[in-house]
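Architecture and fold: a report
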Amino acid sequence: MIQEKVQTKITPDFFSEDYFEKFASNHSWEPGWLADLRKESWERLREDQDFSLKDERWRFSPKSRLGYSHFESISDSSHSVKFNQASESSENIWDTVDNILLDNPDLISDFAEISGPNLGATESFHLTNTYFNNGFFIKVSGNPSQKLQLSIDHTCPQEGLVSFHKNYVVLDDFAEVTLIENFISENDTSQGGLSNLTHFKIGKGAKLNRILIQNMADGSSFHNLENFDLHANSTVVNVECFLGANQSRIETKGNLLQSGANFENFSFVSGRKEQLFDQRTEQHHLAPHCSSNLLSKNVLQEEAKSIFAGLIKVDSEAQETNALQTNRNLLLSKEAEADSLPGLEILANDVRCTHGATTSRLDQEELFYLLSRGIEKKSAESLISLGFIEEIIGKVQDEDLTQTIRDLVCNHFK
Amino acid sequence: MIKTNPIEVDRDKGNFHYNTDYEFDAGIGLSEDVVRYISDVKKEDSWVKDFRLKALNTFEKKKLPTHWATKDLENIDFDIIRYYLSKGQMPSRTWEEVPDDVKRTFERLGIPEQERKFLAGVEAQFDSEAAYSRMKDDLSEKGVIFVGSTEGLKEHPEIFKKWFGKVIPTSDNKFSALNSAVFSGGSFIYVPPGVKLEQPLQAYFRINAENFGQFERTLIIADEGAEITYMEGCTAPKFETSTLHSAVVELVALKGAKIQYVTVQNWSNNVFNLVTKRAMAHEESEVRWIDCNIGSRLTMKYPGVILRGRKARGEVLSIALANDGQHQDTGAKMVHAADETTSNVIAKSVSIGEGRSTYRGLVQMPGHLKHCKNNTECDALLINSDSQTDTYPAITVQGEDHSVQHEASVSKVSAEQIFYMQQRGLSEADAMSMCVNGFVNDLIREFPMEYSVELKRLIDLEMEGSVG
């Protein structure tokens, strides 16, 4: 017991000054503003270390599982971000952050100071800002005749290693883009950690369709922080599918900065074994006439645990807001656990805001119907669960992709 | 828009103050001596004194819960509060014995004497001790015990000691610890097996001395198959500096018992009202908290039910009205600890002017239980553009055999409704008032008659000046 306790207290090397200095000297080729950002983030990381245990933003969360103590060092793989496919275009820019920093660092410097979702995972946020050595940068110009589709793979490193990715997605006014991100492990032994921080800047009238599929290997850790800044009349449809990794902390924040913005966030979790999915979201309305919608559906088997903490925040200026938030949990076993913390903070009066959270088991009549027709229990459960999350899968427009996701979910029931 | 302060109306009602000579005064501030003094004045047994001293220790160690609650709590200065005052040591028994000036106070509170004839037993708390306490003969014939906290612990320890401080342990939170150290007043009630009280028991509370905290302690035990409805109502006069009210209410419903606890609260808006209320529901019992919060500067109150017996049922119905400078931080806790337990929470809040209302909820269902059900609905109505509302439920469900649903909505009174009523000759203010009354109407119906009439009147008063 005592030994175990000591072990969890070991902080990995990369918290030390030596490690940071070494890292900084290896990155001396980077522009000065970036060196400053890394240094500042590293100092903040050290300052924020003694956080209070009673942080509401970590309520219900087994925080020790989501720390970095089980990583020995940072992965230096430069291939952990890969562009799979992209339709041709000359006006648009996309590349890995490394390449952009080499060729055209000024592009990124404009967005250096952007804040994160800030929903509790300060450690991940500062670590990523300090040590990111990969990521992507996308800037799409507002030519409406061109609809860009990009697909990107993020690869999780080997056991004991952690990768930090920092990404920028910039949509100029009236740009339209579909972005597909896959988080994968090369093989079953890729049980490291992947911490991903993404800033989305959505210009006026722009449209972003984003699909995230996380299917990393058992035993790995996933941290995903994302912040969407939506300007006037822009639309974001974000679909997230969480299937893999041993523990995940997901923070998604949509800031509706200007009138007419529309933020839609759909996600599902299919959890089994001892998987933990800690999902925190915020829909922050800062301007009038905006709408936001969130739907989070979780199916949990065996000893899986999910936490959904969502907040709708409406500032006093944001009149005529329409904001919805729904969390539905389906528990398939005795040991599965679902925690819901749906929240509202409303400071404007002319609004329509609702949230709902339900947790229950499989409809016994539906199950009986399938069983009486000779379908095995496991398949019946799989069918009903698939039907349950089809509402989310259906938001993905691409036919091939929806089938891929369905197959991934079905694999969880074998 | 005429911006008169609607609080003024409220203040006038209770804005009177009689000079009363306090026979026992523990002085200002809190220390071990004060706690010993209170205990000595009450001639308590040594176990009660030890209980108080231990609680004081816990109170000093506990931090304010400001990591989730409002920072306004930091404005409470525990050193300038009087922790104990008493008109006399023993509660008066007959109406004749009640001093004239106290009677006048009740007169102003609007408790007509003849009404009391219909009430089973009226225990009206004047400052710390019950100034008036009477039980109808038939109540005592049935074996019902209805006494103050001091009397209860001294004369019936065999009944009350078993449950005292068990539903809400001293260390539950900082304010339950404070109450455990300095409690005085309140009601201790025991209803014997099978006794069903047809009429509700009632107590009126009142804070009179400036800077005087009221720390009443209530413990209600309904034995097997017993039924009881208990009502408390509060009004307080206006004072310049903040007053602290921190009660602890414990309910125990034994097998098959039914307890209904009704609160109508109308504190003046300098009162901190930090109350811990919890019930323990045994097999097949039913506990209902019916709660109406109007007034006060800050109310933090989350009535809870621990459902520890099979088929127990818990219910919280709550109405909160937050006006300028007021924060109603209310909610409910449902802890399911046995099979087939059910709970229901319906909370409605109205924020007027710069008022802020908050709902905080907790629902827990562990995996080893079967067939537990919870339903939670919270609706918030915002009247003015500066009004604020928050909702923070926390739901934990384990296992495949439960069902939980939570729903919340925030809305304003629709312009169409107001327009419709104005078309029919109502003023805008009347139309708004009618809409608000309609919003809370289905909950108000759950209150006893005299309360629902009073409540509607109070809501009208609060609404005055907010529109038009």
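What you see is a predicted model; the values in this text were computed from it and never measured.

**Description of the domain arrangement of chain A**
Residues and elements named next belong to chain A. Under the domain assignment used here, chain A contains domain 1 (11–361) and domain 2 (362–414). Each of domain 1 and domain 2 has a C-alpha centre, and the two are 27 Å apart. The contact between domain 1 and domain 2 buries some 2200 Å² in all, and 70% of this surface belongs to carbon and sulfur atoms. Ranking the residues of domain 1 by area buried against domain 2 places Phe 268, Lys 297 and Arg 361 at the top, with a combined share of 24%. If you look at where domain 1 meets domain 2, you find one salt bridge. Note that Glu 391 is salt-bridged to Lys 297, the shortest N-O span being 2.6 Å.

**Looking at the packing of aromatic side chains**
The geometry of an aromatic ring pair is captured by the separation of the ring centres together with the interplanar angle, meaning the angle of the planes. Residue and element names in this part refer to chain B. One pass over the full model with this rule turns up 25 aromatic pairs over all chains. Note on Phe 51 and Phe 164: the rings are 4.8 Å apart at their centroids and 50° apart in plane angle, and the pair reads as tilted. With Phe 51 in helix H3 (residues 46–61) and Phe 164 in the loop between helix H8 (157–160) and helix H9 (174–182), this residue pair connects regions lying 113 residues apart in the sequence. Ring geometry for Phe 146 against Tyr 230: centres 6.4 Å apart, planes inclined by 85°, an arrangement best described as edge-to-face. With Phe 146 in strand S5 (residues 145–147) and Tyr 230 in strand S9 (residues 227–235), this pair connects stretches of sequence that are 84 residues apart. Taken individually, Phe 146 and Tyr 230 each receive the classification buried, so the pair is uniform in this respect.

**A few points about the pairing of strand S8 (residues 217–222) of chain B**
Residue and element names in this part refer to chain B. The buried fraction of S8 amounts to six of the six residues, a majority that puts the element mostly inside the structure. Covered by surrounding structure in S8 are Arg 217, Leu 219 and Ile 221 together with Thr 218, Ile 220 and Ala 222, the residues of both alternating faces. Relative to S8, strand S6 (residues 188–191) is paired through four bridges, and the arrangement is parallel. Of the residues in S8, the one forming a bridge with Ile 189 is Ile 220.

**Details of the interface of chain B and chain A**
Opposite the 36 residues of chain B that make contact, chain A presents 37 residues. For the pairing of chain B and chain A, the buried interface totals around 2900 Å² over both sides, and the portion due to carbon and sulfur atoms is 50%. On inspection of chain B and its partner chain A, the count reaches two salt bridges. Measuring nitrogen to oxygen at the nearest pair gives 3.1 Å for the salt bridge that ties B:Asp401 to A:Arg361.

**Some details on the state of the cysteines**
Residues and elements named next belong to chain A. What the rule picks out here adds up to zero disulfides over all chains. Its sulfur unpaired, Cys 241 is 13 Å from the next cysteine sulfur, which belongs to Cys 410. Given the relative accessible area of 1%, Cys 241 is considered buried.

**Thoughts on unusual backbone geometry**
Residue and element names in this part refer to chain B. Backbone geometry at Lys 311 places phi at a positive 60°, although glycine is not the residue there. What makes Lys 311 partly exposed here is its relative accessible area of 42%. Its identity as a non-glycine residue notwithstanding, His 371 has a phi of 50°, on the positive side. Checked against the element boundaries, His 371 lands in the loop between strand S20 (356–365) and strand S21 (373–382).

Reading the values: the criteria
- Residues numbered from 1 in each chain as written.
- Chains lettered and ligands numbered in written order.
- Predicted model: local features only at pLDDT ≥ 70, side-chain atom pairs only at ≥ 80, totals over all residues.
- Heavy atoms only, no water.
- Domains from an automatic or database assignment.
- Buried area = accessible area lost by both parts, 1.4 Å probe.
- Salt bridge = Lys/Arg side-chain N within 4 Å of Asp/Glu carboxyl O.
- Phe/Tyr/Trp six-rings, centres within 6.5 Å; stacked < 30°, edge-to-face > 60°.
- Helix = DSSP H or I, 4+ residues; strand = E, 2+ residues; numbered from the N terminus.
- Buried < 20%, exposed > 50% of the residue type's maximum accessible area, 1.4 Å probe, protein only.
- Pairing = 2+ DSSP bridges.
- Contact = heavy atoms within 4.5 Å.
- Disulfide = S-S within 2.5 Å.

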